[in-house]
Amino acid sequence: PLRIGVLALQGAFREHCRLLDSLGAAVREVRLPADLAGLNGLILPGGESTTMARLLSEYALWEPIRDFHTSGRAIWGTCAGAILLAREVQGAPPQFGGRQQSLGLLDTTVQRNAFGRQINSFAAPLTVQGLDLPFPAVFIRAPAFSGAGADVTVLAEWDGQAVMLRQGRILATAFHPELSGDARIHKLFIEMAQEAQAANT
Ligand code: GLN
């Protein structure tokens, strides 16, 4: 069966698990490197990216997640999770010296809190490449992407800023698709994980 892991250190991981489960995927919460074994895809949820980065160090997950990608399996980052994927992070807090560790797997620069602060969280009907009807996208202190590399496709933009990217088996959304009650982007990710599964067996 198709097995998807959801990084469960912090943030909105339960909502992802519930949606994946409703779509018939086998779901596993990931907290330790060993939890990555046998997965076809991994979701890095939204939450707070500096906290998540600290926990990735604490649980020694940076290299195992990079290896997971190198071995051809699918990874999807939502919001803080997308920040973790990016090659470069802008807008890190001053106590981090304005710098923030990331996986560097997605060839883009991500700007944290690109749409303002918490009070500016909003929902928007987002036109997404490959979807017939707009997706009800929930943005919560959302980042935005800029300077996508040649292998990166921009799948959606809001207010002139890229908010959904795909690069091979990596998907990144600046918004929270697990909070909309709309499973279309989870279905897309399951397809990506299935492709990975087919290629690896
Ligand atoms: N603003 C948060 C961060 O930079 C991300 C917010 C979210 O994941 N909803 O980590």
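Treat the numbers as computed from the prediction; the structure is a model and nothing was measured.

(A) View of the site of the ligand. Taken together, Gly46, Gly47, Glu48, Ser49, Cys79, Ala80, Ile83, Arg112, Asn113, Ile140 and Arg141 make up all the residues around the ligand. For the shell around the ligand, the class distribution of residues is four nonpolar, four polar and three charged.

(B) Summary view of the UniProt feature "binding site: L-glutamine" (unreviewed entry) in the chain. Following the UniProt record, the feature "binding site: L-glutamine" (unreviewed entry) maps to Gly47, Glu48, Ser49, Arg112, Ile140 and Arg141 here. The largest pairwise C-alpha distance within this set of annotated residues, which runs over 95 residues, is 12.7 Å, so the set is compact in three dimensions. Looking at the secondary structure, you find Ile140 in the loop between β8 (135-139) and β9 (144-146). Of the residues examined, Ile140 has 19 C-beta atoms within 10 Å and is grouped as partly exposed. Every residue in contact with Ile140, bar those within four places of it in the chain, is listed here: Gly46, Cys79, Ser121 and His176.

(C) Examining the UniProt feature "active site" (unreviewed entry) in the chain more closely. UniProt feature "active site" (unreviewed entry): in the numbering of this structure it lies at Cys79, His176 and Glu178. Spanning 100 residues, the named residues nonetheless gather at one spot, since no C-alpha pair among them exceeds 11.0 Å. With respect to the element layout, Cys79 can be found in the loop between β4 (74-78) and α4 (80-85). The contacts of Cys79, once residues within four sequence positions are left out, are Gly46, Ile140, Ala142, Pro143, Ala174, Phe175 and His176.

(D) Looking closely at helix α1 (residues 13-22). When α1 is considered as a whole, its buried residues turn out to be Phe13, His16, Cys17, Leu19 and Leu20. Where α1 is buried, its residues touch β1 (3-7), β2 (26-30), β3 (41-44) and α5 (184-200). Of the residues trailing α1, Gly24 is marked for its positive phi of about 90°.

(E) Geometry of the confidence of the model for the chain. Taken over all residues, the pLDDT of the chain has a mean of 95, while the share at 70 or more is 98%. For this predicted complex, the interface confidence comes out at an ipTM of 0.95, alongside a pTM of 0.96.

Thresholds, definitions, all that
Chains are numbered independently. Their residues run from 1 in the order of the written sequence. Where totals are concerned, whole chains, interfaces and linings use all residues; where local detail is concerned, this predicted model gives features only for residues with pLDDT of at least 70, and gives and counts side-chain atom pairs only at 80 or more. The rule is simple: place the C-beta atom from the backbone, and if it lies within 6 Å of a molecule or strand, the residue is near it. Just so you know the grouping, Ala, Val, Leu, Ile, Met, Phe, Trp, Tyr, Cys and Pro go in nonpolar, Asp, Glu, Lys and Arg go in charged, and all remaining residues, Gly too, go in polar. UniProt positions are given in the numbering used here, feature names are shortened, and annotations may be inferred rather than shown by experiment. The helix count covers DSSP runs of H or I at least four residues long, the strand count covers runs of E at least two residues long, and both are numbered beginning at the N terminus. Residue burial is a threshold on neighbouring C-beta atoms within 10 Å of the residue's own C-beta, all placed from the backbone, with 20 or more meaning buried, 12 or fewer meaning exposed, and counts in between meaning partly exposed. Our contact criterion uses C-beta atoms placed from the backbone: two residues qualify when those atoms are within 7 Å. The predictor attaches a confidence to each residue, and that confidence, scored 0 to 100, is pLDDT.

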